[in-house]
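# Descriptive analysis of the structure
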Amino acid sequence: MTYSIEIRGVVQGVGFRPFIYNLAVSLNLVGYVSNDGFGVFIVVNSSKEKLDKLIKKIKDNKPPLSKIESIKSTQIQEQRFSEFKIKKSETHTKLSLEIPSDVGMCKECQDELEDKNNRRFGYPFITCVNCGPRFSIIKNLPYDRKYTSMANFIMCNKCQKEYENPSDRRYHAQPIGCFECGPKLSLFDSNSNILACGNEVDKVAELLACGNILAIKGIGGYHLVCDATNDKAVKLLRDRKQRVSKPFAVMVKDIDDAKNIATIGIVEEELLNSNKRPIVLLKKNDNSLSDFIAPNINQVGVFLAYTPLHHLILEKFKNPIVATSANISGEPLCTTKEEIMKLSHIWDYCLDNDRDIINSCDDSVVFVENDKTFMLRNARGYAPTYFKLDKKTDKKILCLGANQKSTVAIVIEDKVILSPYIGDLVTLSSVEHFKSHIETLKRIYNFEPDIVVCDKHPNYESTKYAKELKVQNKNIELIQVQHHYAHILATMGINNIKSKVLGVSFDGTGYGDDGNLWGGEFFICDTNSYERVGHFKEFRLLGAEKAIKEPRRVALSFLFEIYGEEVLKLKNNVTDSFSEQELNTLYIAWKKELNSPLSSSAGRLFDCVSSLLNVIQVCSYEGESGLLLESLYDVNVKNYYEFDIENGIIDFSKIVTQILNEKENKIAVSKFFNTLVEIIYGMWKIYNLPIVLSGGVFQNRVLLRLIMKRIPYAILAKDFVSNDSAIAYGQAVSIIN
Ligand code: ZN
Ligand code: ZN
Ligand code: FE
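Keep in mind the model is a prediction, meaning the values are calculated, not measured.

## What about the pairing of strand β15 (residues 365–369)?
- Counting buried positions along β15 gives 5 out of 5 residues, so the element sits mostly inside the fold.
- Neither face of β15 is open: one carries Val 365, Phe 367 and Glu 369, the other Val 366 and Val 368, and all of them are buried.
- The pairing of strand β11 (residues 279–284) with β15 spans 2 bridges and is parallel. Paired with Val 280 across the bridge in β15 is Val 366.
- Pairing of β15 with strand β16 (residues 372–377) involves 5 bridges; the strand directions are antiparallel. When the bridges of β16 are listed, Val 366 appears paired with Met 375.
- Here β15 folds back onto β16, and the loop between the two strands holds 2 residues, one of which, Asn 370, carries a positive phi near 60°.

Written out as structure tokens, the structure is:
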């Protein structure tokens, strides 16, 4: 009897066909296996028993990078075969929905990299079917060398043999190459003078040791790199990049080196070692790292070398290195030589290579709290991310997300495909970059949207783009989803919750239905609708956008609320940070409600507290105040401030007056955290529904830890992001429910 077996999931570019080939041969089956746009397609002559055996073996022993979503077998018309074969890919109109993610170097490749007798000894681009670049080099599906940026490299005879041999672990490993035929390094200075010929890695180690800043091309973009133990070098990088205090990530060779600079738990160690190789936020040790890496913060982001090139560099250069995305603040990550040359005032030398990056992809960032993993940035190794929906749709849906930490999602049938982190849409080129990500998805998935979903904020670039699309094509249906509702839906979606819940969305700011800037919201909602049942009492954001960067403006607004004109005579941390004239101007603005929108944002409350306690008055990056407060939290402080919930409204100025009377910062900060937890707990007790937490504020580790303790069943964005990168997915959930 002849059967066809169709396997869907992540089954392309992961060594699935040779795996099937070897299985079939071991079971003495004849027929063939092929990749089509769908997934993997097998045709065999077999008895029913053997077929079942084959399917069981496929499920039990599948290749490490594969993910099987479904296996469907059907008896088809009898066919004749003399052997089992691997057939070439056929292009079908129906495309596979899954693009594989980039994968860190595997153990076997590392062994070869370090083996003097191997022909790829020291080859910086060694890969196999289980590791290496994927998403970042793919132009089109199916995943085949000719549709990747490896198409430019003609395989030498030796590589070709490996590529064609089903029992070789490089069989159909699309990115393979060697010294003879694969990508090559080049090292040059900012005037494009070539510095090395064949000994690039040695030279790079020398240059790092002398305190230079290097741009190094990685998987999904360039990094800016310097010696992480050298104060002068790190400071120089900060100055040149004009990055005052936002923490830098540190790359080390292996887990032992990581343990030298940070305290690492079991789950954290697993994440660091995983083939996704994310940046993991860890507790800093007293160590050799420069203080300029994460000033005044007790955490440090660490990741292990994930490409053979990084491995070679760190093997030579023994110290940990700063490895931060090469971009100007607000601009997209550099992926081409042309782009990195524009940053040549920042780096001294550039270690480049000639493998093109097709899709840019930042490093992913995660942290672990209570053995649960939370993501701050969903990108390399994880992206694109796929979510299954309960229902199928025949409409093609494009979800444009928010404006910060942008991601986009498309919905095809019952699947949401979420792009990697794109970045903030704050500059012209970042908006262009955002559009190019959408174009990539449209191209790969042959996709034209019937429905476009966006935020309600009229000034978000994503909203403007949605409206442009509607103008270009009148048939497109445009749907706008409230920001905080989308946040809650995202957390509900990943936890597969559809029932009525109490959704708590604590966030920076997002556009509310009443035109105010929401961000400290309590909703009773399900996947169909929401009702705003509570929020922080609105306060004025003095100077609007400016208030988001200057905690002192938020604190001052509360002081005006409480003391009115008297504030002009007060002397405290907040008033001291302004000149007399500034205070007068801001008072008039507050009184006359000039450029001072109302907001209920919980994120801004962290700013307010930071300013009152003089922890920080003006931020240099988003979320800075929250991070600084985390470092001041004292677990021994158990009490909290008095507060009222009146008809769901919480007036934070009551808490402000109590903080003003506090003597010690540690106590004030700890009580502030405890109070937020009690407020959430209080609301939960009122409604007694499953509680869902979402929004950027819940990335605060202290808050998260305390909540998990106080409300153990709280539903969180586990294994996912809770900041604005989640919005596009939440928007998708709102349409298909
Ligand atoms: Zn490998
Ligand atoms: Zn070769
Ligand atoms: Fe948000």
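Having seen it, we continue.
## As for the coordination of the iron ion (ligand 3)
- Coordination of the iron ion (ligand 3) by the protein involves His 483 (NE2), His 487 (NE2), Asp 507 (OD), Asp 507 (OD) and Asp 724 (OD), with metal-donor separations of 1.9 to 2.7 Å.
- Read in sequence order, the donor residues for the iron ion (ligand 3) give the motif H-x3-H-x19-D-x216-D. Of this pair, His 483 sits in helix α13 (residues 483–494) while Asp 724 sits in the loop between α22 (701–710) and α23 (727–735); the two residues are 241 residues apart in sequence, bridging distant segments of the chain.
- You can call Asp 724 buried: its relative accessible area is 9%.

## Thoughts on the nonpolar core
- Grouped together as the largest cluster of nonpolar side chains are 132 residues, with contacts concentrated most on Ile 42, Leu 502, Phe 522, Phe 652 and Ile 680.
- Ranked by residue count, the leading element in this core is helix α21 (residues 665–687), at 11 residues.
- Discounting residues that sit within four places of it in the chain, Leu 502 has contacts with Phe 522, Phe 523, Ile 524, Val 533, Met 683, Trp 684, Tyr 687, Leu 689, Pro 690, Ile 691 and Val 692.
- Judged by nonpolar contacts, the second largest core, of 81 residues, contains Ala 233, Ile 346, Val 692 and Ala 728.

## Focus: the coordination of the zinc ion (ligand 2)
- In this structure, Cys 156 (SG), Cys 159 (SG), Cys 178 (SG) and Cys 181 (SG) serve as the protein donors to the zinc ion (ligand 2), at separations of 2.2 to 2.4 Å.
- Around the zinc ion (ligand 2), the 4 donor atoms are arranged such that angles at the metal cover 103 to 117°; this shape is classified as tetrahedral.
- For the zinc ion (ligand 2), all donor residues lie on one chain, and their spacing in sequence is C-x2-C-x18-C-x2-C. Within this pair, whereas Cys 156 is found in the loop between α3 (107–113) and α4 (157–164), its partner Cys 181 is found in the loop between α4 and β6 (185–189), the two being separated by 25 residues in sequence. You'll find Cys 156 and Cys 181 in the same group, each marked buried.

## Describing the side chain of Arg 540
- Within the element layout of this structure, Arg 540 appears in strand β24 (residues 539–540).
- A polar contact of 2.6 Å, which involves the side chain of Arg 540, links it to the backbone oxygen of Ser 596.
- Here Arg 540 is in contact with Ser 557, Trp 590, Glu 593, Ser 596, Pro 597 and Leu 598, once residues within four sequence places are set aside.

## Structural notes on the side chain of Ser 611
- Within the element layout of this structure, Ser 611 appears in helix α18 (residues 602–612).
- Of note is the side chain of Ser 611, whose polar atom sits 2.6 Å from the side chain of Gln 617.
- Not counting residues up to four positions away in its chain, the partners in contact with Ser 611 are Pro 551, Arg 552, Ala 555, Asn 573, Val 574, Ile 616 and Gln 617.

## Points about the sheet that holds strand β18 (residues 409–418)
- Reading across from one edge, β18-β17-β19-β20 is the order of the 4 strands in this open sheet, with mixed pairing throughout. A single partner strand is all that each edge strand has here, and the edge strands are β18 and β20 (477–481). Across the sheet, the mean angle separating the axes of adjacent strands is 55° when strand polarity is ignored.
- Here strand β17 (residues 385–399) runs beside β18; their pairing, made up of 8 bridges, is antiparallel. Of the residues in β18, the one forming a bridge with Thr 385 is Leu 418.
- Contacting β17 and β18, helix α11 (residues 428–445) crosses the sheet at an angle of about 150° to β18.

## A word on helix α15 (residues 551–563)
- The end-to-end C-alpha separation of α15 is 18 Å, in line with the 18 Å expected for 13 residues at 1.5 Å each.
- Of all 13 residues making up α15, 10 are buried, and the element is well covered by its neighbours.
- Among the residues of α15, Pro 551, Arg 552, Arg 553, Val 554, Ala 555, Leu 556, Ser 557, Phe 558, Leu 559 and Phe 560 are the ones counted as buried.
- Buried residues belonging to α15 abut β24, α14 (545–549), α16 (573–576), α17 (580–591), α18 and α20 (653–660).
- Directly beyond the C-terminal end of α15, a positive phi value near 60° is found at Gly 564.

## Describing the domain arrangement of the protein
- Considered domain by domain, the protein is made up of domain 1 (2–86), domain 2 (99–183), domain 3 (207–353), domain 4 (385–481) and domain 5 (537–674).
- The C-alpha-based centres of domain 1 and domain 4 are spaced at 36 Å.

## Observations regarding the packing of aromatic side chains
- Inspection of every chain in the model, using the stated rule, returns 31 aromatic pairs.
- Judged by centre distance (5.6 Å) and plane angle (25°), the ring pair of Phe 367 and Phe 374 falls under stacked.
- The class of Phe 374 is buried, set by a relative accessible area of 5%.
- Consider the rings of Phe 387 and Phe 720, whose centres lie 5.3 Å apart with planes at 80°: the pair is edge-to-face. Placement of the pair is Phe 387 in strand β17 and Phe 720 in the loop between α22 and α23, with a sequence separation of 333 residues.
- The class of Phe 387 is buried, set by a relative accessible area of 11%.
- Given a relative accessible area of 3%, Phe 720 falls into the buried group.
- Through pairs of rings, three or more aromatic residues link up here, namely Phe 506, Phe 522, Phe 536, Phe 539, Phe 558, Phe 606, Tyr 633, Phe 652, Phe 672, Phe 673 and Phe 698.
- When the ring centre of Tyr 32 is taken as origin, the NZ or CZ atom of Lys 87, which lies over that ring, is 4.0 Å away.
- Between the NZ or CZ atom of Lys 685 and the centre of the ring of Trp 684, over which it lies, the distance is 4.9 Å.

Rules used in this analysis
- Each residue is numbered by its place in its chain's sequence as written, counting from 1.
- Going through the entries in the order they are written, you letter the chains from A and number the ligands from 1.
- With pLDDT at 70 or above as the cut-off, local features in this predicted model cover only qualifying residues; side-chain atom pairs require 80 or more to be listed or tallied, and sums for whole chains, interfaces and linings still use all residues.
- The side-chain values count all of the structure's non-hydrogen atoms but skip hydrogen atoms and water molecules.
- Exposure categories follow from relative accessible area, calculated using a 1.4 Å probe and restricted to protein chains: below 20% of the type maximum is buried, above 50% is exposed, and the middle band is partly exposed.
- Only DSSP runs of H or I with at least four residues qualify as helices, and only runs of E with at least two residues qualify as strands; both kinds are numbered from the N terminus onward.
- Strands were regarded as paired on the criterion that DSSP finds at least two bridges between them.
- Coordinating donors are taken as N, O and S atoms within 2.8 Å of the metal, stretched to 3.2 Å for Na, K and Ca; because water is absent from the atoms, sites can appear incomplete.
- Buried Ala, Val, Leu, Ile, Met, Phe, Trp, Tyr and Cys residues form a nonpolar core when they are joined through side-chain atoms within 4.5 Å.
- In this description, contact between two residues means that some pair of their heavy atoms is separated by no more than 4.5 Å.
- Every geometry call rests on angle ranges, with four donors termed tetrahedral when all angles are between 85 and 135 degrees, four termed square planar and six termed octahedral when opposite donors are over 155 degrees apart and all others are between 65 and 115, and everything else termed irregular.
- Whenever two N or O atoms come within 3.5 Å, that pair is a polar contact, provided that in protein one can donate a hydrogen and the other can accept it, and provided that, for residues adjacent in sequence, both atoms are side-chain atoms.
- Lines fitted to C-alpha atoms define the axes, with helix axes restricted to the stretch in contact, and inter-axis angles between N-to-C directions lie between 0 and 180 degrees.
- The length a helix should cover is 1.5 Å for every residue beyond the first.
- How far each domain reaches was decided by an automatic or database domain assignment.
- Aromatic rings from Phe, Tyr and Trp, with only the six-membered ring used for Trp, were paired whenever their centres fell within 6.5 Å, and each pair was classed as stacked if the ring planes differed by under 30 degrees, edge-to-face if by over 60, and tilted otherwise.
- The criterion is that NZ of a Lys, or CZ of an Arg, lies within 6 Å of the ring centre and within 35 degrees of the ring normal, and then a charge sits over that ring.

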